[in-house]
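Analysis of the macromolecular model
Given next are the chains, with one letter for each unit.
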Amino acid sequence: MEQIQPTALAIRVNTTLSNDPCALCSQPTDPTGIDLYLAEKSALVCHACGLLHAPALARLLDLVSAANTFVRAEYEMSGVQTDEKHL
Ligand SMILES: [Zn+2]
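1. Details of the overall build of the chain
Helix and strand counts for the chain stand at two helices and three strands. Ordered by position in the sequence, the α and β elements of the chain form the string β-β-β-α-α. The buried share among the 87 residues of the chain stands at 16%. Restricting to contacts in the chain with at least 6 residues of sequence separation, those with at least 24 account for 47%.

Rendered as structure tokens:
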């Protein structure tokens, strides 16, 4: 079994939605607009790796995504611009 090294991850607003492969496992990622990145560089990390390396952040991201979907719908109804790209 491979030793899991602690990896500093960060939640960032994804303004490019580039669909890059995960920086840790090279699997395709599924950018949602608020995504996990390596802390020290702008490299997307998939949800599975997030759960492995930073479970608390990955769970937080689940909450963020749910809240963001709700807020985005509210914003769209009232015509407020956000800093995210639309899917
Ligand atoms: Zn991954």
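2. Notes on unusual backbone geometry
A positive phi angle, close to 65°, is found at Ser26, a residue other than glycine. On the basis of neighbour counts, which here come to 10 C-beta atoms within 10 Å, the residue Ser26 falls in the exposed class.

3. So, the sheet that holds strand β1 (residues 9–13)
If you trace the three strands from one edge of the open sheet to the other, you get β1-β2-β3, paired in antiparallel fashion. Of all the strands in the sheet, the pair left with one neighbour each is β1 and β3 (44–45). For strand β2 (residues 34–38) and β3, the ladder comprises two bridges, and the chain directions are antiparallel. Across the sheet, the residue bridging to Tyr37 is Leu44, located in β3. Strands in contact with helix α2 (residues 55–78) are β1 and β2; relative to β2, the strand with the most contacts, it is inclined by about 155°.

4. Structural notes on α2
An ideal rise of 1.5 Å per residue puts 34 Å on 24 residues; α2 measures up with 34 Å between its terminal C-alpha atoms. Here α2 lies mainly on the outside; two of its 24 residues are buried. Taken from the residues just after α2, Gly79 is the one with a positive phi, measuring 75°.

5. Regarding the pairing of β2
Bridging between β1 and β2 involves five bridges; their strand directions are antiparallel. In the strand pairing of β2, Val13 is matched with Ile34. Counted between consecutive antiparallel strands, the loop separating β2 from β3 contains five residues.

6. Concerning the confidence of the model for the chain
In this model, the chain carries an average pLDDT of 84, and 85% of its residues clear a pLDDT of 70 or more. Confidence scores differ between elements of the chain, with α2 showing the lowest mean pLDDT of 87 and β3 the highest of 94.

7. A closer look at the environment of Thr69
Mapped onto the fold, Thr69 is located in helix α2. Sequence spacing of Thr69 and Thr32 is 37 residues, and the spatial spacing of their C-alpha atoms is 9.7 Å.

The rules we used
Residues numbered from 1 in each chain as written. Predicted model: local features only at pLDDT ≥ 70, side-chain atom pairs only at ≥ 80, totals over all residues. Helix = DSSP H or I, 4+ residues; strand = E, 2+ residues; numbered from the N terminus. Buried ≥ 20, exposed ≤ 12 C-beta atoms within 10 Å, placed from the backbone. Contact = placed C-beta atoms within 7 Å. Pairing = 2+ DSSP bridges. Axes fitted to C-alpha atoms, helices over the stretch in contact; angles between N-to-C directions. Expected span 1.5 Å × (residues − 1). pLDDT = per-residue confidence, 0-100.

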